[in-house]
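Structure assessment
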Amino acid sequence: MAKLKIENGKLIVPDKITVPYITGDGVGAEITPVTQSIIDAAIKKCYNGKREIEWLEVLAGEKAFKQTGSWLPEETMKTFQEYRVGIKGPLTTPVGGGIRSLNVALRQELDLYVCLRPVRWFKGVVSPIKEPQKVNMHIFRENTEDIYAGIEWQQGTPEAEKFLHFLQNEMNVTKIRFPQTSSFGVKPVSIEGSERLIRSAIQYAIEHGLPSVTLVHKGNIMKYTEGGFKLWGYAMAEREFGDYVFTMMQYERIKKSDGELSAEEALKKAKEEGKIIIKDVIADAFLQNTLLIPEEYSVIATLNLNGDYISDQLAAMVGGIGIAPGANINYMTGHAIFEATHGTAPNIAGKNKVNPSSLLLSGVMMLEYFGWKEAADSIINALEKTFRSHKATVDLARFMENSVILTTTEFRDEIIRNL
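Let me sum up the structure you'll find in this document. Keep in mind that what you see is a predicted model, and the values were worked out from it rather than measured.

**Re the pattern of salt bridges**
For the structure on display, the rule yields 24 salt bridges. The shortest N-O distance in the salt bridge between Asp 111 and Arg 196 comes to 2.7 Å. Placement of the pair is Asp 111 in the loop between α4 (102–109) and β6 (114–120) and Arg 196 in helix α6 (residues 191–208), with a sequence separation of 85 residues. For Arg 196, a relative accessible area of 15% translates into the label buried. The shortest N-O distance in the salt bridge between Glu 384 and Arg 120 comes to 3.4 Å. Linking Glu 384 in helix α13 (residues 373–388) with Arg 120 in strand β6, this pair joins segments that are 264 residues apart in sequence.

So this is what it looks like as structure tokens:
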């Protein structure tokens, strides 16, 4: 089997490729083999032996700790570095000191700066909103900066006291309400980190023929971090994608000028020409708008913490995190890890009732990343056919009328039948 390569910025995907995988903890032991079986069946059906995945297990989480004494062995990281691509089930993060989050550690070590979360509704799945078919968004969440960088000092420690002294005595900060009992965190947001995230979102919109990219931020409050994210994004979009985009910053400039076209006419002309509209919205307004006018949004580019909230709300709008896939990608190096977006669910582990759709749809994203669209589409179609027949695992079936509740393995078999 061969490895994924990248040459001149382009992925080179062999027909027979080795994919490292982490089984995961808790329900990972059930959803990972089910996902692999469905992906293998789809590839076989679509390519009749021409293409194939060889699965290579690597260790992380509880299984790794029991076998090696390490929650994230160096060998695992080296394998992901070498093979560039991987897929993983949910992982337990050790309580107490050490690694703050195994997922965050993987993202930061491999510099997987994009967390890509596509959100769409499947016919047959019950949603809490009236028109879930209007929800079709692709979230680009910055993965390496913001509060999640983990730069924190706990209240009462010498480090917190030192940081407080620096703020008060060297930076003349006077707005800390209760300084002696405060913990502190630092929020780094860089030009380079913002630009590469937003650049990837715009390129994705171009490649997939999507109409807009929305920069979601709280720049009205955090003017130099999230406000910088917005301004740097607009400037980069105009500088690097001028022929493909029309930005709302251009719209505002036209409003103030005496040009031949009004701002509204310029915006209409850009849409008619098929240009991607680059716009921005404050994060709290965006969360409201996703419920009221979800059809107004297509590709979303946002910072780390905002992206966490947004991803889960949008997942709930289409039926829950059980059908929400995710990928962590570095488009420059080609490294990508596709993952279940939910936790280890120890309360149902081993009971053959967990929904494998999150990991399975992440596997679909991996097939799309390879360019194996036929296999990806066959799984999507099989999933939708299954849901439309009111068949699902208990988490989704309990909300469907006249539903048939399937076990995890029965759900696998039904998907494979419907390929």
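**Considerations on empty space enclosed by the protein**
Taken as a whole and assessed by the stated rule, the structure comprises two cavities of 30 Å³ or more. Space inside the largest cavity adds up to approximately 50 Å³. As for the largest cavity, its lining consists of Val 104, Arg 107, Gln 108, Arg 141, Asn 143, Thr 144, Glu 145, Tyr 148, Ala 149 and Asn 304. Sort the elements by how many residues they give to the lining of the largest cavity and α4 lands first, with three residues. Per-class residue counts for the lining of the largest cavity are three nonpolar, four polar and three charged. Of the voids in this model, the second largest cavity is the one considered here, and its volume is about 30 Å³. Lining the second largest cavity we find Lys 88, Asn 103, Leu 106, Arg 107, Leu 112, Asn 328, Ile 337 and Glu 339. Taken together, the elements giving at least two residues each to the lining of the second largest cavity come down to α4 and β15 (336–340). The element that contributes the greatest number of residues to the lining of the second largest cavity is α4, accounting for three residues.

What counts and what doesn't
One numbering rule holds for all chains: residues counted from 1, following each sequence as written. The predicted nature of this model means local features are confined to residues of pLDDT at least 70 and side-chain atom pairs, given and counted, to a pLDDT of 80 or more, with totals for whole chains, interfaces and linings taken over all residues. Side-chain descriptors were evaluated using all non-hydrogen atoms of the structure, hydrogens and water having been removed beforehand. Salt bridges, as used here, are contacts in which a Lys or Arg side-chain nitrogen is within 4 Å of a carboxyl oxygen on Asp or Glu. Only DSSP runs of H or I covering at least 4 residues are called helices, and only runs of E covering at least 2 are called strands; the numbering of each starts at the N terminus. Exposure categories follow from relative accessible area, calculated using a 1.4 Å probe and restricted to protein chains: below 20% of the type maximum is buried, above 50% is exposed, and the middle band is partly exposed. Using protein atoms alone on a 1 Å grid, points that fit a 1.4 Å probe yet trap it form a cavity, whereas open point sets bounded by protein on both sides within 12 Å along at least five of seven lines form a pocket; residues with an atom within 4 Å of a point count as lining. Grid points are joined across faces, edges and corners, and a volume is the space filled by probe spheres set on the points. Residues are grouped as follows: Ala, Val, Leu, Ile, Met, Phe, Trp, Tyr, Cys and Pro are nonpolar; Asp, Glu, Lys and Arg are charged; all remaining types, including Gly, are polar.

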